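Coordinate analysis (summary)
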Amino acid sequence: MKRSPTRPAASGAAAEAAAPSGGTSAKRKASAPQRIDKALGATVGGRADGGGDDELRAPGPGRGRGGRGSGGDGGRPGLGQEARPRGLRVGAGGGFGGGRDSWEEGDAEKRLRRAAAILQRREALDAAKRARAKAKKREPDGGAAFDVDGAAEDEAHRFHASQLKRDEAELAGERAAIERRKQQHVREWQRVRHEDASRFAPRPTMNDRYLLLSLLGKGGFSEVWLAYDLAEARRVAIKFHQLDRGWSDEKKSAYVRHAAREYAIQRDLDHPRVVRLHDVFEVDTNTFATVLEHCGGEDLDSLLRCRKHLPERDARAILLQVLAGLRHLQTPSGPRKAIIHYDLKPGNILFDDAGDAKITDFGLSKIVTDDDASSRGGPTLSMELTSQGAGTYWYLPPECFATDVAGGPRISGKVDVWSAGVIYFQMLFGRKPFGEGLSQQRLLADRTMARATSVDFPAKPAVSADAKDFLRDCLRHSAAERPSVADLCAHAYVTKAL
């Protein structure tokens, strides 16, 4: 791999052309409070001028870095300043760069305390209804005769009940919206803290080509940055793989082999439902980078956290895009072998700028070498499972947890069928079909997946009988009875028009 010389980030017109609209300038890095205030002011807090009542606000005095969030913005305080007592506020007890985070509720949450008043109204209405019912029983005719006063009281009760129902629904909607803004604010706060602590915070131009713009995410031993490809004039995502200097040579070699294997899998994939790999380069002896197609939208996991569940038509549209990507993975093409993704989950389904779904993250994927043709013309995927215990347990089928199989468990492309079924169930019902609320350790200890022999459907929200039949097929306990990806693509639920 080619060593990447670094040089100062581009400046002037070149940097302005490369930086995203409203993004961080490569010429002069804004402070973390300025960047997070700017990021949240327009998209989360209503008005960027500080006038939004539910605006996400700053930590208390003395926390974070001092100074205004952005000068000349109509008096809007930065994250390092005392804010007006309104909206939601987040603070870091040990300063912006460290310590424990704490959450302080602002006025946006406090205003929702009118819930107590609504509850009092509900209790008063229920008491009035009970009193009215007792009064009817005491009347000589049991209240059967028409009485204008009594009829007026009954109608008033119905009117108040209807109004209370609307108020309760409005309150629940406001609370959900505030919770979404809170979570978005916390995620952005954490992202900026990681960005400031990154070795790439000065935003160098990597490999004489990629201008770093902002950190997208951090996990384990890797960071993903949004960058601008100066050669192709496009945005890309760069994943930096960093080896710990304290690792033994053997551990470093194993990590490099794992990353190189992921690169080899993704290198030859070319499909609109799969994230493209553009480039790979070396940064130094302990760091290398892969350059990926940038997806400007959120991932499915974030979407479901926000909306809980999706209408069946919307969920099915995402499902079909995922199936199209899986079919490409599991269909050999020329020298490219069939691939089992093995880690399909909402967090590994990204949306691009147009809102189309793409499959990503091939770190646990399997390359199948014994791709004999099946009766449906697709590969019969079967291989020994050598990485038992890896993956996200809620999305893995029972055969991945088998411990009593002679010669060790074997898996096939039907692993991804099960995962797709779990994801579709989650999109429709807002919960996982198996192990909801359990930790991975508890799920494993309870043998939850091994006992997942049938699917129970919640009463609400309502979905079609055809969708339930499709889910039952995807989530068949026996891999032998479960359809393949090719079968799913020809399933009646998939081929029919809604």
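Described below are features of the structure shown in this document.

Cut-offs applied
Residues numbered from 1 in each chain as written. Predicted model: local features only at pLDDT ≥ 70, side-chain atom pairs only at ≥ 80, totals over all residues. Heavy atoms only, no water. Core = buried A, V, L, I, M, F, W, Y, C linked by side-chain atoms within 4.5 Å. Buried < 20%, exposed > 50% of the residue type's maximum accessible area, 1.4 Å probe, protein only. Helix = DSSP H or I, 4+ residues; strand = E, 2+ residues; numbered from the N terminus. Contact = heavy atoms within 4.5 Å. Salt bridge = Lys/Arg side-chain N within 4 Å of Asp/Glu carboxyl O. Pairing = 2+ DSSP bridges.

Section: the nonpolar core
One recurring pattern in soluble globular proteins: nonpolar side chains tend to sit buried together. Within the largest apolar cluster, 59 residues are counted, with the highest numbers of intra-cluster contacts made by Leu300, Leu326, Tyr424, Met427 and Phe470. For this core, the element with the highest residue contribution is helix α9 (residues 414-429), accounting for eleven residues. Sequence-distant contacts of Met427, that is, excluding residues within four places in its chain, are made with Leu300, Leu304, His309, Leu310, Ala315, Ile318 and Leu319. Residues Phe200, Leu215, Trp225 and Ile238 belong to the second largest nonpolar core, which totals 14 residues.

A few points about the pattern of salt bridges
Inspection of the entire model under this criterion finds 24 salt bridges. Of the charged contacts, one joins Arg191 and Glu195 as a salt bridge, the two residues approaching to 2.8 Å between their closest N and O atoms. Of this pair, Arg191 and Glu195 both sit in helix α5 (residues 148-197), separated by four residues, roughly a single helical turn. Neither residue differs from the other here; Arg191 and Glu195 are each classed as buried. Residue Asp356 pairs with Arg273 through a salt bridge whose shortest N-O separation is 4.0 Å. One end of the pair, Asp356, is in the loop between β11 (349-351) and β12 (357-359); the other, Arg273, is in the loop between α6 (249-267) and β8 (277-284), and 83 residues separate them in sequence.

Quick notes on the pairing of strand β5 (residues 210-219)
Relative to β5, strand β4 (residues 205-206) runs antiparallel, the two being bridged by two bridges. Note on β5: the bridge partner recorded for Thr205 is Leu211. Taking the residues that link successive antiparallel strands as the turn, the β4-β5 hairpin has three residues, and the phi of Asn207 there is positive, at about 55°. Bridge count for β5 against strand β6 (residues 222-229) is eight bridges, and the pairing is antiparallel. Among the inter-strand pairings, Gly219 is bridged to a residue of β6, identified as Ser222.

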